[in-house]
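Now for the letters of each chain:
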Amino acid sequence: MTPSEISLRHASLQDAGLLADLGAKTFIQTYSESNPFENLEAYVRDSFSPEKQAAEINDPANLFLIAEIEGQVFGYAHLASGSHPPQPAGTKPVELVRIYLLPEFIGKGLGSGLMQACLQEARAKDHDILWLGVWEHNPRAIAFYEKWGFKQIGTQQFTLGADLQSDWIMALDLNAAV
């Protein structure tokens, strides 16, 4: 599998269940070693229901890109227009809410193909900053974002069940990025 084999499509309402399942699965697999299951379960219940995903798909401020290879979904990205980082950045920022890959697809260059598509979508809508929150204890994700030119511009609190955690706020200047 190579990044050139990636097929990307915009999510439709029919994908709400798929996004809920994929989001829950990747979130739990990514964070289960570092967090109590009851905190993960509470977050997943609140964040990844098919109804919540359908509402987000229906909101024109949101864009979901579903990534597939030979018909097999391996990840997705969620961009949200009109969302501003806690620290001022740019005049027309867009948030990379999620970029999730199933664990067996990480490290194969496929995340780069999905990130490239996110950059293209953001630029096509004249956004000047792409920003995100990433858990401060997720060095693999931080390294991925830094490779793309994201810089830490601040922090924010993130509630995972009963646990208050700290996320780095990272931003990429889309006008300067290659």
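Presented here is an overview of the structure given in this document. Values in this document were obtained by computation on a predicted structure and should not be read as measured data. (Residues numbered from 1 in each chain as written. Predicted model: local features only at pLDDT ≥ 70, side-chain atom pairs only at ≥ 80, totals over all residues. Heavy atoms only, no water.)

Comments concerning the sheet that holds strand E4 (residues 93-101)
Strand-to-strand pairing in sheets goes through backbone hydrogen bonds, with the strands running parallel or antiparallel.
Then, number 1: One open sheet holds the seven strands; their spatial order is E1-E2-E3-E4-E5-E7-E6, and the pairing between them is mixed. Looking along the sheet, the strands with just one partner apiece sit at the ends: strand E1 (7-10) and strand E6 (151-160). The mean inter-strand angle of the sheet, taken between neighbouring strand axes irrespective of direction, is 30 degrees.
Then, number 2: Two strands pair when backbone bridges link them, and strand E2 (residues 62-69) and strand E3 (residues 72-81) are joined in this way by eight bridges, in the antiparallel orientation. (Pairing = 2+ DSSP bridges. Helix = DSSP H or I, 4+ residues; strand = E, 2+ residues; numbered from the N terminus. Axes fitted to C-alpha atoms, helices over the stretch in contact; angles between N-to-C directions.)

Re the layout of surface pockets
Then, number 1: When its volume is computed, the largest pocket comes out at roughly 1200 Å³.
Then, number 2: Considering the residues around the largest pocket, the lining is formed by 44 residues, among which Tyr31, Ile99, Tyr100, Asn138 and Tyr145 are closest to the centre.
Then, number 3: Here the lining of the largest pocket takes seven residues from E4, the largest share from any one element.
Then, number 4: Residues belonging to the lining of the largest pocket are distributed by class as follows: 21 nonpolar, 15 polar and eight charged. (1 Å grid on protein atoms, 1.4 Å probe; cavity = no way out; pocket = protein on both sides within 12 Å on 5 of 7 lines; lining within 4 Å. Points joined across faces, edges and corners; volume = space filled by probe spheres on them. Nonpolar A, V, L, I, M, F, W, Y, C, P; charged D, E, K, R; others polar.)

Section: the nonpolar core
Then, number 1: Counting 52 residues, the largest nonpolar core has Phe27, Leu96, Leu130, Tyr145 and Phe150 as its most contacted members.
Then, number 2: The dominant element in this core, judged by the number of residues it contributes, is helix H4 (residues 110-124), at seven residues.
Then, number 3: Core analysis: the next-biggest nonpolar cluster, separate from the first, contains five residues, Ile129, Trp131, Ile169 and Ala171 among them. (Core = buried A, V, L, I, M, F, W, Y, C linked by side-chain atoms within 4.5 Å. Buried < 20%, exposed > 50% of the residue type's maximum accessible area, 1.4 Å probe, protein only.)

Some points on the pattern of salt bridges
Then, number 1: Summed over all chains, the structure comprises two salt bridges.
Then, number 2: Across the salt bridge formed by Asp15 and Arg9, the nearest N and O atoms sit 2.8 Å from each other.
Then, number 3: Its salt-bridge partner being Arg9, residue Glu68 comes within 3.4 Å of it at the nearest N-O pair. You can see Glu68 sitting in strand E2 and its partner Arg9 sitting in strand E1, a full 59 residues away along the chain.
Then, number 4: On the basis of relative accessible area, Glu68 is assigned to the buried category, the value being 14%.
Then, number 5: Several salt bridges share partner residues, and in doing so they unite Arg9, Asp15 and Glu68 into one network. (Salt bridge = Lys/Arg side-chain N within 4 Å of Asp/Glu carboxyl O.)

Digging into the packing of aromatic side chains
Then, number 1: Applying the stated criterion across every chain, the model contains 13 aromatic pairs.
Then, number 2: Consider the rings of Phe48 and Tyr100, whose centres lie 6.4 Å apart with planes at 50 degrees: the pair is tilted. A residue pair is termed long-range when its members are at least 10 positions apart, and Phe48 in the loop between helix H2 (37-47) and helix H3 (50-58) and Tyr100 in strand E4 qualify at 52 residues. When sorted by exposure, Phe48 lands in the same class as Tyr100, which is buried.
Then, number 3: A network of ring pairs unites the aromatic residues Phe27, Tyr31, Tyr43, Phe48, Phe64, Tyr76, Tyr100, Trp135 and Phe158 as a single cluster. (Phe/Tyr/Trp six-rings, centres within 6.5 Å; stacked < 30°, edge-to-face > 60°.)

Quick word on the environment of Pro85
Then, number 1: For Pro85, the position within the fold is in the loop between E3 and E4.
Then, number 2: Sequence separation between Pro85 and Ile169 is 84 residues, and the spatial gap between their C-alpha atoms is 7.4 Å.
Then, number 3: Beyond its immediate sequence surroundings of up to four residues, Pro85 is in contact with Pro93, Trp131, Ile153 and Ile169. (Contact = heavy atoms within 4.5 Å.)

Details of the environment of Glu70
Then, number 1: Mapped onto the secondary structure, Glu70 falls in the loop between E2 and E3.
Then, number 2: A relative accessible area of 74% places Glu70 in the exposed class.
Then, number 3: Separated by 37 residues in sequence, Glu70 and Gly107 place their C-alpha atoms 18 Å apart.

Observations regarding H4
Then, number 1: Here H4 is 15 residues long and its end C-alpha atoms lie 21 Å apart, about the 21 Å a rise of 1.5 Å per residue gives.
Then, number 2: Within H4, eleven of the 15 residues are buried, leaving the element largely enclosed by the surrounding structure.
Then, number 3: Of all the positions in H4, only Leu110, Gly111, Ser112, Gly113, Leu114, Met115, Ala117, Cys118, Leu119, Glu121 and Ala122 are classed as buried.
Then, number 4: Phi turns positive, to about 60 degrees, at Asp126, one or two residues after H4. (Expected span 1.5 Å × (residues − 1).)

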